[in-house]
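Survey of secondary and tertiary structure
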Amino acid sequence: MLRGRSLSVTSLGGLPRWEAGLPVENLLLFEVSWEVTNKVGGIYTVIQTKAKTTADEWGDNYFLIGPYFEHNMKTQVEQCEPVNDAVRRAMDAMNKHGCQVRFGRWLIEGSPYVVLFDIGYSAWNLDKWKGDLWEACNVGIPYHDQEANDMLIFGSLTAWFLKEVTDHADGRHVIVQFHEWQAGIGLILSRARKLPIATVFTTHATLLGRYLCAANIDFYNHLDKFNIDKEAGERQIYHRYCMERASVHCAHVFTTVSEITAIEAEHMLKRKPDVVTPNGLNVKKFSAVHEFQNLHAMYKARIQEFVRGHFYGHLDFDLEKTLFLFIAGRYEFSNKGADIFLESLSRLNFLLRMHKSDVTVVVFFIMPAKTNNFNVETLKGQAVRKQLWDTAHSVKEKFGKKLYDALLRGEIPDMNNILDRDDQTIMKRAIFSTQRQSLPPVTTHNMIDDSTDPILSTIRRIGLFNSRTDRVKLILHPEFLSSTSPLLPMDYEEFVRGCHLGVFPSYYEPWGYTPAECTVMGIPSVTTNLSGFGCFMQEHVADPTAYGIYIVDRRFRSPDDSCNQLTQFLYGFCKQSRRQRIIQRNRTERLSDLLDWRYLGRTEGFKYPRPPSVPPSPSGSQASSPQSSDAEDDDEGERYDEEEEAERDRLNIKSPFSLSHVPWGKKKQHGEYKN
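All of these numbers come straight from a predicted model, not from anything done at the bench. (Residues numbered from 1 in each chain as written. Predicted model: local features only at pLDDT ≥ 70, side-chain atom pairs only at ≥ 80, totals over all residues. Heavy atoms only, no water.)

Comments concerning the sheet that holds strand E14 (residues 472–477)
Where we set the bar: Think of it this way: DSSP has to see at least two bridges between two strands before they count as a pair. Runs of H or I in DSSP of at least four residues are treated as helices and runs of E of at least two as strands, each being numbered from the N terminus. Inter-axis angles, ranging from 0 to 180 degrees, are taken between N-to-C directions of lines fitted to C-alpha atoms, where helices are fitted over the stretch in contact. Contacts: residue pairs with any heavy atoms within 4.5 Å of one another.
With parallel pairing, the six strands of this open sheet are ordered in space as E14-E11-E10-E15-E16-E17. Two strands lie at the open edges of the sheet, namely E14 and strand E17 (549–552), each paired on one side alone. Each strand of the sheet is rotated relative to its neighbour by a mean of 25 degrees, with strand direction disregarded. Bridge count for strand E11 (residues 360–366) against E14 is six bridges, and the pairing is parallel. Paired with Ile 366 across the strands is His 477, a residue of E14. Where helix H18 (residues 513–520) meets the sheet, it contacts strand E10 (322–328), strand E15 (501–503), strand E16 (525–528) and E17, and its direction lies at approximately 145 degrees from that of E16.

Okay, here's the thing in structure tokens:
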């Protein structure tokens, strides 16, 4: 989505103009990021998922530049020799001058080429390169900021490499995209040395914006009132902020990932982004249309097994009428919306109890924190569940053998005698083993800072302790999910597919990959109009709720009103029948094309229509009180034609778009958003 052009774009000299196709044979494209083969945050996902689409288009003229770490190199990269002469000669020149530059193919989809710099091997140049940066932009880096020093080494090596490439490019034009402030020094030095390259700088979140939001400041309503230099200095990140801002102003083209971040960047970094480039995913479609529904049922059953063990002795709720909700991401209590989510769960619990609902909601918090180890009571629960399963299985085998023998003799066995006293004793002992004196734990691990942990402190305040009367149960899993875990052996993707709803009511979320991943997997999600994903869906979907995208207004409502809105979303979701949830998941999964890297460049001005079925969204046919999750409405089945609706959506997303009506350079006022 094009915004107002920056004057710096006029300095892009020498690049050929194209109308239909990009002449990639005459271009070299480099993408620079600290997260190439090095997973730190969301940028890793951006680059990894985009690699196949980019590699398919650019072929052998596409290269990724990142840091070298031995453990990543061994597990993710296949070393090979560069086929491009300019890249090979640049690497040889740097290696002869005391650097270590590695080359290979990143073992992800698309298998892109990667150029990796060994930061530690070149650290002896640090003081010299600090002087070069000072001469280029008068930014000094404190000796104690190890991360910033590493970025200086990385950026200096990048600029050196790009100079060698352009010296041997043989007339080819070079385009370089830099991600975030960590890669920005390479851009600054390249422009200071007047290298003949076209530069793009992409910010996925402003450095100062993340710090300010973490401090619980009313960020978006005071964007134009902050003393930027003062705020950065007080947080001892002024040098980093200067590096980020210099990168933004040195770039020929400045991009960001969402409209909400574009507004933030304009105030924080003092330059309006030229282009908004939303993040996508490498979407894979199943050959069978409803295969993702089958996967949901399969992984839901595995989550139910965990819940049986975790709530042993208190399993007085029907798992077939239990909904699984989750929130996942970095442990940023306020930024990620865990505060408003917990408060809304307290209100949801009140509503479900007041209406005497038979629906139970189990909520998982997947947010890594410092722990000692697994909670003993949690491990015991899984052991008790397994013991009960083994007991039931052994009794079943004895029962089946006796029944089989009796039927062979032509007799109907006496059911009072088919189970002997020993069998009854074993079953009674199994029942007694499920008795527990304490409530099911709210956390699966022993937390190091239990008394001050924000989530646990809030749970104590709202009083959701997994008691029998609570209709909302909480489980904090302060560790990334893994299929090798002895507690919940599931990968993140498997877990997401088994849940019913992802809830991400973030206050600060420049894009938001977690709700995007839910959408691609056909799982409804809650997001906000302060996240890039939420704004993107508001722009491209006429009725997001009908497609399973619930957007909480955290920008123009008070915190209490936003909490009430989230509570109503959750309560409405609990009232849906199983059939309504299936319809909604079908619609959600069809939105995945919007997030496919292949279509992202073509969606400007496009809007998904409201589903033509009656009612327009699943919530429209709900009764005034919660329904059983087994309930099915035959009339609704006649009104809803899934195949017809799906075909209409497929044609909509894949039809050609007209950009002539899109206003160029129209500046949005502060606080304004196009719904």
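A few points about helix H6 (residues 184–192)
Heads up, the rule is: Exposure is judged per residue with a 1.4 Å probe applied to protein chains only, and the accessible area is read against the type maximum: over 50% gives exposed, under 20% gives buried, and values in between give partly exposed.
Counted residue by residue, H6 has seven buried out of nine residues, so it is predominantly covered. What H6 keeps buried is the set Gly 184, Ile 185, Gly 186, Leu 187, Ile 188, Leu 189 and Ser 190. Where H6 is buried, its residues contact helix H4 (126–137), helix H5 (146–167), strand E6 (173–179), strand E7 (197–203) and helix H9 (238–250). Backbone geometry just downstream of H6 places Lys 194 in the positive-phi region, at approximately 55 degrees.

Notes on the sheet that holds strand E4 (residues 101–106)
Each strand in a sheet pairs with another by means of backbone hydrogen bonds, the pair being arranged parallel or else antiparallel. Within the open sheet, the nine strands sit side by side as E3-E4-E5-E2-E1-E6-E7-E8-E9. Their pairing is mixed. Lying at the two open borders of the sheet, with one neighbouring strand each, are strand E3 (77–79) and strand E9 (275–276). Pairing of E3 with E4, which is carried by three bridges, proceeds in the antiparallel orientation. If you follow Val 77 over to E4, its bridge partner there is Trp 106. Those strands touched by H9 are E7 and strand E8 (253–256), and its axis lies near 135 degrees from that of E7.

Regarding the side chain of Asn 529
For clarity, the threshold we go by: Two N or O atoms form a polar contact when they lie within 3.5 Å of each other; inside protein one atom must be a possible hydrogen donor and the other a possible acceptor, and for residues adjacent in sequence the pair counts only when both atoms belong to side chains.
Note that Asn 529 resides in the loop between E16 and helix H19 (532–540). Its relative accessible area of 7% is what places Asn 529 among the buried residues. Here Arg 555 takes part through its backbone nitrogen, which lies 3.3 Å from a polar atom of the side chain of Asn 529.

Focus on the pattern of salt bridges
Put simply, the test is: Here, a salt bridge means any Lys or Arg side-chain nitrogen found within 4 Å of an Asp or Glu carboxyl oxygen.
Tallying each qualifying case throughout the model produces 37 salt bridges. Residue Asp 358 is joined to Lys 321 by a salt bridge in which the shortest nitrogen-to-oxygen separation is 3.1 Å. Linking Asp 358 in the loop between helix H12 (338–354) and E11 with Lys 321 in the loop between helix H11 (291–310) and E10, this pair joins segments that are 37 residues apart in sequence. Under the relative-accessibility criterion, Lys 321 is labelled buried at 18%. For Asp 596, the salt bridge goes to Arg 598, with nearest N and O atoms at 2.7 Å. On the basis of relative accessible area, Asp 596 is assigned to the buried category, the value being 1%. In the salt-bridge network here, residues are joined through shared partners; they are Asp 85, Arg 88, Arg 89 and Asp 92.

Brief notes about the side chain of Asp 118
Threshold: The charged-residue count follows a simple rule in which Lys and Arg add positive charge and Asp and Glu add negative charge, with His and chain termini not counted at all.
Mapped onto the elements, Asp 118 comes out in the loop between strand E5 (113–117) and H4. Of the buried charged residues, Asp 118 lacks a salt bridge, with Arg 102 as the closest side chain of opposite charge at 4.8 Å. Here Tyr 121 takes part through its backbone nitrogen, which lies 3.2 Å from a polar atom of the side chain of Asp 118.

Considerations on the packing of aromatic side chains
Note the following rule: Think of it this way: a Phe, Tyr or Trp ring, Trp meaning its six-membered ring, pairs with another when their centres are within 6.5 Å, and the plane angle makes it stacked under 30 degrees, edge-to-face over 60, tilted otherwise.
Within this structure, the stated rule accounts for 28 aromatic pairs. Ring geometry for Trp 34 versus Phe 69: centroids 5.9 Å apart, planes at 85 degrees, classification edge-to-face. Placement of the pair is Trp 34 in the loop between strand E1 (27–32) and helix H1 (42–58) and Phe 69 in the loop between strand E2 (62–67) and helix H2 (70–76), with a sequence separation of 35 residues. We classify Trp 34 as buried; its relative accessible area is 12%. Where Phe 219 meets Tyr 220, the ring centres are 5.0 Å apart and the plane angle is 80 degrees; that geometry is what we call edge-to-face. Residues Phe 219 and Tyr 220 agree in their burial class; the two are buried. Among the aromatic side chains, those forming a connected cluster through ring pairs are Phe 30, Trp 34, Phe 63, Phe 69, Phe 103, Tyr 113, Phe 117, Phe 154 and Phe 161.

Observations regarding the packing of H6 against H9
Operational definition: Any angle between 65 and 115 degrees counts as roughly perpendicular, while under 35 counts as roughly parallel, over 145 as roughly antiparallel, and the rest as oblique. With the far helix as reference, a near helix turned anticlockwise by less than a right angle produces a left-handed crossing, and one turned clockwise produces a right-handed crossing. Nonpolar residues are Ala, Val, Leu, Ile, Met, Phe, Trp, Tyr, Cys and Pro. Charged residues are Asp, Glu, Lys and Arg, and all others, Gly as well, are polar.
It is at 9 Å that the axes of H6 and H9 come closest, and there the two elements cross at 50 degrees. Looking at the two axes, H6 sits oblique to H9. Two packed elements cross with a definite hand, and for H6 against H9 that hand is left-handed. Contact residues: Gly 184, Ile 185, Leu 187, Ile 188 and Arg 191 in H6; Met 243, Ala 246, Ser 247 and Cys 250 in H9. Considered class by class, the residues forming the contact of H6 with H9 number six nonpolar, two polar and one charged.

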